[in-house]
Amino acid sequence: MKLSWSHAVMYVRDRDKMIDFYTQVLGFVVTDQGPISPAQGAPQIVFMSQQPEEHHQLAMVCNRRDEAASNSTHHFAFRVAEFASVTSLAGTLNGIEGIKVAPLSHGNTLSIYFNDPEGNGLEVFWDTPWHVPQPQGKPWDTSLSEASALDWVESSFADEKGFVPREDYYEPRRQGIQ
Ligand SMILES: [Fe+2]
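Residues numbered from 1 in each chain as written. Predicted model: local features only at pLDDT ≥ 70, side-chain atom pairs only at ≥ 80, totals over all residues. Heavy atoms only, no water.

Trainee: Please clarify how the overall build of the chain should be interpreted in this entry.
Mentor: When helices and strands are counted, the chain shows four helices and 11 strands. Judged by the C-alpha coordinates and their principal axes, the chain covers about 60 × 45 × 30 Å. Buried residues in the chain amount to 37% of all 178 residues. For the chain, the share of sequence-separated contacts (at least 6 apart) that also reach a separation of at least 24 residues comes to 55%. A total of about 10600 Å² of accessible surface is found on the chain, and carbon and sulfur atoms cover 52% of it. (Helix = DSSP H or I, 4+ residues; strand = E, 2+ residues; numbered from the N terminus. Buried < 20%, exposed > 50% of the residue type's maximum accessible area, 1.4 Å probe, protein only. Contact = heavy atoms within 4.5 Å. Areas by Shrake-Rupley, 256 points an atom, 1.4 Å probe, with all protein chains shown as cover.)

So this is what it looks like as structure tokens:
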């Protein structure tokens, strides 16, 4: 058996606010929604996706009652294909009250970490051309150009043991695991 990741489902308090954030800021599309069961008073579930082959990548069950920040999931992470998507999203998020953005590079990524309106942790990242053993992270400057950011990553992580072009790490894994 081989498992591939499909989706995660979270409990939310404010359905409309969360739909607005995930659709307008992060670009998800609502693919379906409705009561989760025929039972009287059953909560609504909202399905969202950005991938045509996945009915939903995220879903929200809208009956969260506790007011505390979410504390059982550290973060959900999403990959983007373009460096500029990370930096422009950082700019957008910095303009939203209540959202805190923390840019962090793991050497193999240029990432931003942030919270959604209900305190769930999120990461959006762009792959760098390198692999470096984890965990590690250094704050980075999202005002850098792509070329300058890559120069910074290389100079900041190249001395780490195991810093290699990413294919040197992933190709053996493909042959051994897939
Ligand atoms: Fe992560």
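On we go from here.
Trainee: Honestly, helix H3 (residues 146–157) in this entry has me stumped. Any pointers?
Mentor: Along an α-helix, a turn takes 3.6 residues, which lines up residues three or four apart on a common side. The end-to-end C-alpha distance of H3, which contains 12 residues, comes to 16 Å, matching closely the 16 Å that a straight helix rising 1.5 Å per residue would cover. For H3, the set of buried residues is Ala149, Leu150, Val153, Ser156 and Phe157. The buried side chains of H3 occupy one side of the element, clustering within an arc of 135 degrees when seen end-on. Those residues of H3 that are exposed and angled more than 90 degrees off the buried face are Ala147, Asp151 and Ser155. In this fold, the buried residues of H3 make contact with helix H2 (83–94), strand S6 (101–105), strand S7 (109–115), strand S8 (121–127), strand S9 (130–131) and strand S10 (138–139). (Expected span 1.5 Å × (residues − 1). Arc of directions from axis to C-beta.)

Trainee: Any chance you could explain the domain arrangement of the chain here in plain terms?
Mentor: Quite often, the size of an interface is put as the accessible area lost when its parts meet. Annotation of the chain at the domain level lists domain 1 (1–64) and domain 2 (74–178). One C-alpha centre belongs to domain 1, the other to domain 2, and the line joining them spans 25 Å. Of the residues lining the interface, 16 residues belong to domain 1; the matching set on domain 2 comes to 16 residues. Surface buried jointly by domain 1 and domain 2 totals about 1200 Å² across both partners, of which 72% is contributed by carbon and sulfur atoms. (Domains from an automatic or database assignment. Buried area = accessible area lost by both parts, 1.4 Å probe.)

Trainee: For this particular structure, what's the right way to read the coordination of the iron ion?
Mentor: Around a metal, the perfect tetrahedron of four donors has angles of 109.5 degrees, and the perfect octahedron of six donors has angles of 90 or 180 degrees. Protein coordination of the iron ion is provided by His75 (NE2) and Glu123 (OE), with donor distances spanning 2.0 to 2.2 Å. Placement of His75 in the loop between strand S4 (58–61) and strand S5 (76–80) and of Glu123 in strand S8 is noted, with a sequence separation of 48 residues between them. The class for Glu123 is buried, based on a relative accessible area of 6%. (Donors = N, O, S within 2.8 Å, 3.2 Å for Na, K, Ca; no water.)

Trainee: Help me out: how do you make sense of helix H1 (residues 15–25) in this one?
Mentor: Within H1, burial applies to Met18, Ile19, Phe21 and Tyr22. Projected down its long axis, H1 carries its buried residues within an arc of 165 degrees, all on one side. Downstream of H1 by a residue or two, Gly27 has a phi angle that is positive, lying close to 90 degrees.

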